Amino acid sequence: MENAPKPRRLAPAEVQEFILFEAQLLNERAFEHWFALMTEDIVYWMPAREHQPNGRMEASIIYDDRTLMRSRIDRLSHPKMWSQNPAAKMQRLVSNITLDHDYETNGMVHSAFAAFEFRNNEQRIFGGTYEHQLRREEGGFKIARKVVRLLNAEGVLWNLGIPF
Amino acid sequence: MDIAEIASLVGDDRVHARCYTDPAIFELEMERIFRRTWNFACHESQIPKSGDFVTMTIARQPIIVARAPSGEVAAMFNRCSHRGSIVCREESGNAPNFTCPFHGWVFRCNGELAGIPYRESYSPEFLAQTNLGLAPVPRLGRYRGFVFVSLSAEGVPFESYLAPLKVGIDNLLDRAPEGELIADNGLHRYAYKGNWKHQIENGIDEYHPPFSHASTIKDGKQMARAYGSEGFHYTNKNEKSEDVGRSHFDHAEIHGFPYGHSYLTVADRSRVADLKVPSYRELLIKKHGEKRFAEVEEETFITNCVFYPNFILRVNNNIHLRVVRPIAVDRSEVWVWPLRFKGAPDDMSEGIMRYANVHTSVASFVQTDDLEVFERCQEGLNAQAPEWVWLARGLKQEKPGKHPGELVAQGTWETGMRAQFRYWKEMMTQA
C-alpha cells in the first residue's frame, strides 16, 4: 500500500480565490487580463492523451509558450476568426481545489473543472482537471504552468475555440 | 441511381451540389470508390514489433493491421468469424493474439484461427474449414513503410495507383538522416459536420488560405510556424490579395493526375526552412554527399501529396499523415499523425510538433477555421439554387506534365479537385 493515494490539503482561500478569478476572466472573455496572469516563461498545455509525458516530442491539443499564447489571444479578437464568429459563450465551474503534496517547493495546485459552451444553437459539456503551477511575483500569484487534462482528450474532438 | 444520372453530376468546370449532400450518393461512394480503390491504412513505424497492431475503419468497415511474428504486415477485418463481434477494441497496442469477448474464439495476430472453445460440439467437416480465421483484407500494398489496403480483389494495381505520388514519399525518406520516418508521435483527431470531400479537396486548395485563414495574418505575413522559418508573405507586395489578380500561392504549382491524385508544390523556396538548419543540413550532407544533397534540396518542392480518396501526406515543414474517414454524407472524421525524421535533431522534431499543434489540432490557429468553413459549405449546399459548385479556375489552361495524364497548373487553380472528380465520375459510373 506504499503507493496508496494520500488526501491532499484543501487550498487556502487566497489560492482558491486566484484559481476562481482566472476562470472568471476566461468566462468573461477578458483574455488580455487572463494573459496578464502568466509568467514570462509560461507553459500552457492541453495534452492529447492521458499519460503523455510532455508536449515536446508528441502532438498536443495545445502546447503554448508565451509567443503562441500571444498569437492565440490576438486571433480571438480577430473579426475573421470564422470558428468564433459568432463567439462561443462559456461557463466554467472549478472545484476540488487542493494543494500538491510538494506545494511548498513546486507551487502546484490541483483542481477539477466542468465547462459549458454555447455556440451556434448547440450546447457542449466538457470536464477534466487543471494543474496550476503558481509563483509569487509582484506581491501576488502568477501562473508559470497550466495543464488542462480534458476527460475526452483521446477522443475524436470538435473545434475548441476558447482556451480552457 | 442510373449511370447517366450520376455522370450528369460532374461537368468539366462544375459539380452538382448533390455530390456533397445526397445520402444515396454517399452510399455509392462507399461501394464504388472507397471499397474498390486503395486506401492508406497506416505507417509501418506504428507497428514495428511482432504483435503490434493498429485498428481503423475504411469505408466504415472495422479493420486491423498487425505485425505478424514473421515480420509480415497483415490486414484483416476486425470481425469474429463466429458471430461477428469486433475482436479488438483498442486503437493500437501489442497482443500475441486477439480473443473474441463473446465465446472466446482466438485468432493469431496474422488473423489465423488459433482456437475454438469446447470444439467437440462441432463436426470434423466444420472444423476442417480453412476460412474460420479473421477474413483477410483482399489486397495489401506496401511502399517504403506506407501501408495501403484495397477492399476489392480486383481493380487498379497498387503500383499504378501509387506511381504519380511516389516522388513525395521518396523525397521525405531522402530527408530522413537514418532513412526512416517515425509516425508514432501522438495524433490529432477531429470531426466536422460535413462531407469527406471538403477535407480531401482542402489538401490542394491554395486559393483559400488568405481568406479562410485571415485571422493568422498580421501585416501581410503569416505567423512563423515552421522550424527555422521567419514566417512568409501571404500577399503580394503590400497589396491585399483581394485586390490583385494573382495570388502569392500562384507561384506554387498543382499537379493533377489519374486516380484522383494530385500534389501541390511550395510557393517559394524560403518556405522550405528546415533544410537550412545547420545541424540537420550537416547530417544530410554526411548521409548523401554534397552532390546528392544538392539534388535532394532541389527535389524538396512538394507541400502536400493528396492520395485519393482518403490520404493527405504533408511533405514539408509540419510533415504528417492525414487520413479522412467518411462517417455519413454530412459527417467526417480526420486523423492526423505528425511525422518526424529518424535521426534528426530533437529540436527539429519539437519544431514539427509545435507546428502540428497550431495547424492540425482542434484548438489550432488554422484547422479550426477550415472546419468552420467545411460546416458552412455543408449548410450552404442544401440550397436548391444554384445547383452547381464551380471548379473552373484555370480550366484548360494547364500544361501537360511528365507523367501520363498529368496536368500542371498554377497554385490556386482547381486542377486538383477536377482530377478528383474525373476519377470520381470514372469509378461512380461503373456499376
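Calculation criteria
- Residues numbered from 1 in each chain as written.
- Chains lettered and ligands numbered in written order.
- Predicted model: local features only at pLDDT ≥ 70, side-chain atom pairs only at ≥ 80, totals over all residues.
- Helix = DSSP H or I, 4+ residues; strand = E, 2+ residues; numbered from the N terminus.
- Rg over C-alpha atoms; globule rule 2.2 N^0.38 Å.
- Buried ≥ 20, exposed ≤ 12 C-beta atoms within 10 Å, placed from the backbone.
- Contact = placed C-beta atoms within 7 Å.
- Nonpolar A, V, L, I, M, F, W, Y, C, P; charged D, E, K, R; others polar.
- Domains from an automatic or database assignment.
- Pairing = 2+ DSSP bridges.
- Axes fitted to C-alpha atoms, helices over the stretch in contact; angles between N-to-C directions.

A. Quick look at the overall build of chain B. When its secondary structure is counted, chain B shows 12 helices and 25 strands. At 23 Å, chain B has a C-alpha radius of gyration in line with the 22 Å of a compact globule built from 431 residues. C-alpha atoms of chain B, sized along the principal axes, occupy 80 × 60 × 40 Å. Across the 431 residues that make up chain B, the buried fraction comes to 47%. Residue pairs in contact within chain B that sit at least 24 positions apart in sequence constitute 64% of those at least 6 positions apart.

B. Summary view of the interface of chain B and chain A. Opposite the 30 residues of chain B that make contact, chain A presents 26 residues. Broken down by secondary-structure element, the contributors of at least two residues to the side of chain B that touches chain A are β13 (188–192), β21 (331–338), α10 (346–359) and α11 (367–380) of chain B. For the side of chain B that touches chain A, the element with the highest residue contribution is α10 of chain B, accounting for seven residues. Here the side of chain B that touches chain A is built from residues that sort into 14 nonpolar, 10 polar and six charged.

C. Summary view of the domain arrangement of chain B. Residues and elements named next belong to chain B. Taken domain by domain, chain B holds domain 1 (39–154) and domain 2 (158–428). Of note, the centres of domain 1 and domain 2, computed from C-alpha atoms alone, are 32 Å apart. Each partner contributes residues to the interface: domain 1 has 12 residues there, and domain 2 has 15 residues. Those elements that provide at least two residues to the side of domain 1 that touches domain 2 are β2 (38–43), β10 (139–143) and β11 (146–150). The greatest single-element share of the side of domain 1 that touches domain 2, amounting to three residues, is contributed by β2. Across the side of domain 1 that touches domain 2, the residue classes tally to four nonpolar, seven polar and one charged.

D. Here's a closer look at the sheet that holds β10 of chain B. Residues and elements named next belong to chain B. If you trace the three strands from one edge of the open sheet to the other, you get β2-β11-β10, paired in antiparallel fashion. Two strands close off the open sheet at either side, each with one partner strand: β2 and β10. Strand-to-strand twist across the sheet, computed as the mean angle between neighbouring axes with direction ignored, equals 30°. As judged from the five bridges shared by β10 and β11, these two strands associate in the antiparallel manner. By the bridge assignment, R142 is partnered in β11 with V147.

E. Broad picture of the sheet that holds strand β4 (residues 108–119) of chain A. Residues and elements named next belong to chain A. On the basis of which strands lie adjacent, the open sheet formed by six strands has the order β2-β1-β6-β5-β4-β3 and mixed pairing. What marks the edges here is a single partner per strand, and that holds for β2 (60–64) and β3 (89–99). On average, each strand axis in the sheet is tilted by 20° relative to the strand beside it, whichever way the strands run. In the packing of helix α1 (residues 13–27) onto the sheet, the strands contacted are β3, β4, β5 (122–137) and β6 (140–150), and the crossing angle to β3 comes to about 165°.

F. Local environment of the environment of W424 of chain B. Residue and element names in this part refer to chain B. By secondary structure assignment, the location of W424 is in helix α12 (residues 415–428). For W424 and S361, which are 63 residues apart along the polypeptide, the C-alpha to C-alpha distance reads 29 Å. Discounting residues that sit within four places of it in the chain, W424 has contacts with V10, I33 and G260.

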